[in-house]
Amino acid sequence: MNIRHATKDDAQALSAIEAASYPAAEGASAESIHERLAHYPDYFWLLTTDTGEIVAFVNGFVTDEKDLADEMYDHPEMHDAHGAWQMIFFVVTSPAHRGEGCARKLLERVIADSRAAGRKGIVLTCKERLLPFYAKFGFVDEGISASVHGNVLWHQTRLRLDG
């Protein structure tokens, strides 16, 4: 397995994985993925097989805002490559590759890249059942998020990288 950043040519494959992984109200539309790729392709981490098949991805952007807000999902122009906080919008694994450690590999890379870039930390929201998974990486549950994305109850978690 290899990790690389996305290109615009990956949009269709990313959209297919997203659609297979999230209900429509929670997942990113194909149009949204295209827009994000146009603004911040280097903030899509893709896990691929040796043949190039995309099996999982993480995406998000960087900002000086401390908390993840719903408008971030739909406004890729808010990305600031020099920002303090790496936001993670989605951690997605193709159904055929779940249980193989794909998300773990990608998150380890995102954490290492964010640390190397001097970020204060990483913020993501997740459903309550996923809190133990993210806690293994050091993410701390900050409670119920203000986000109402997809009409779901989200917990905001944070991994501090600045000490």
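Shown above is the structure to which this text applies.
Procedures and definitions
Residues numbered from 1 in each chain as written. Predicted model: local features only at pLDDT ≥ 70, side-chain atom pairs only at ≥ 80, totals over all residues. Heavy atoms only, no water. Helix = DSSP H or I, 4+ residues; strand = E, 2+ residues; numbered from the N terminus. Rg over C-alpha atoms; globule rule 2.2 N^0.38 Å. Contact = heavy atoms within 4.5 Å. Lys, Arg positive; Asp, Glu negative; His and termini not counted. Charge placed at Lys NZ, Arg CZ, Asp CG, Glu CD. Salt bridge = Lys/Arg side-chain N within 4 Å of Asp/Glu carboxyl O. Buried < 20%, exposed > 50% of the residue type's maximum accessible area, 1.4 Å probe, protein only. Pairing = 2+ DSSP bridges. Arc of directions from axis to C-beta. Core = buried A, V, L, I, M, F, W, Y, C linked by side-chain atoms within 4.5 Å. Axes fitted to C-alpha atoms, helices over the stretch in contact; angles between N-to-C directions.

### Some remarks on the overall build of the protein chain
Part 1 of the argument: Check the secondary structure of the protein chain and you find 5 helices and 9 strands.
Part 2 of the argument: For 163 residues, the compact-globule estimate of 2.2 N^0.38 gives 15 Å, and the C-alpha radius of gyration of the protein chain, at 14 Å, lies within 12% of that figure.
Part 3 of the argument: For the protein chain, the spread of C-alpha atoms along the principal axes amounts to about 40 × 30 × 30 Å.
Part 4 of the argument: In the protein chain, the proportion of contacts linking residues at least 24 apart, taken out of those at least 6 apart, comes to 65%.
Part 5 of the argument: Counting 16 positive and 24 negative side-chain charges, the protein chain places the averaged centre of each group 7 Å from the other.

### As for the pattern of salt bridges
Part 1 of the argument: In total, this model carries 6 salt bridges according to the counting rule given.
Part 2 of the argument: A salt bridge links Asp-67 to Arg-158, with the shortest nitrogen-to-oxygen separation between them at 2.8 Å. In this pair, Asp-67 sits in the loop between strand 4 (62-63) and helix 3 (71-74) while Arg-158 sits in strand 9 (residues 155-160), placing the two residues 91 residues apart along the sequence.
Part 3 of the argument: Arg-158 sits in the buried class, given a relative accessible area of 4%.

### A few points about the sheet that holds strand 4
Part 1 of the argument: An order of 4-5-7-9-8 is seen for the 5 strands of this open sheet, with the pairing classed as mixed. Two strands bound the open sheet, and with one partner strand each, they are strand 4 and strand 8 (140-144).
Part 2 of the argument: Judged from the 2 bridges that link them, strand 4 and strand 5 (residues 85-88) form a sheet pairing that is antiparallel. What sits directly across from Val-62, in strand 5, is Gln-86.

### Remarks on helix 1 (residues 11-21)
At 3.6 residues per turn, the α-helix brings residues three or four places apart onto the same side.
Part 1 of the argument: Burial in helix 1 covers these residues: Ala-11, Leu-14, Ser-15, Ile-17 and Glu-18. In a view along the axis of helix 1, the buried residues occupy a sector of 165°, so they form one face of it. Exposed and oriented more than 90 degrees from the buried face of helix 1 are Gln-12 and Ala-19.
Part 2 of the argument: Where helix 1 is buried, its residues contact helix 2 (30-39), strand 2 (44-48), strand 3 (54-59) and strand 6 (90-93).

### Observations concerning the nonpolar core
Part 1 of the argument: Counting residues in each nonpolar core, the largest one holds 47 residues, and the members touching the most others are Leu-14, Phe-44, Met-87, Ile-88, Phe-89, Ile-122 and Phe-139.
Part 2 of the argument: Residue contributions to this core peak at 6 residues, all from helix 4 (residues 102-116).
Part 3 of the argument: For Phe-44, the contacting residues outside a window of four places in its chain are Arg-4, His-5, Ala-6, Leu-14, Ile-33, Arg-36, Leu-37, Phe-57, Val-58 and Asn-59.

### Considering the sheet that holds strand 3
Part 1 of the argument: Ordered by their spatial adjacency, 4 strands build an open sheet running 1-2-3-6, and the pairing between neighbours is antiparallel. Bordering the open sheet on either side are strand 1 (2-5) and strand 6, each of which pairs with just one other strand. Neighbour-to-neighbour, the strand axes of this sheet turn through a mean angle of 20°, independent of strand direction.
Part 2 of the argument: Bridging between strand 2 and strand 3 involves 5 bridges; their strand directions are antiparallel. For Leu-46, the partnering residue across the bridge sits in strand 3 and is Phe-57.
Part 3 of the argument: Against the sheet, helix 4 contacts strand 1, strand 2, strand 3 and strand 6, and its axis sits at roughly 140° relative to strand 2.

### What to know about the pairing of strand 6
Part 1 of the argument: Because side chains alternate across strand 6, one face comprises the buried residues Phe-90 and Val-92, and the other comprises Val-91 and Thr-93, equally buried.
Part 2 of the argument: Bridge count for strand 3 against strand 6 is 4 bridges, and the pairing is antiparallel. Looking at the pairing, Asn-59 lines up with Phe-90 of strand 6.

### So, the environment of Arg-115
Part 1 of the argument: As for its position among the elements, Arg-115 is in helix 4.
Part 2 of the argument: Note on Arg-115: relative accessible area 49%, which makes it partly exposed.
Part 3 of the argument: When the C-alpha atoms of Arg-115 and Met-1 are compared, they prove to be 22 Å apart, with 114 residues separating the residues in sequence.

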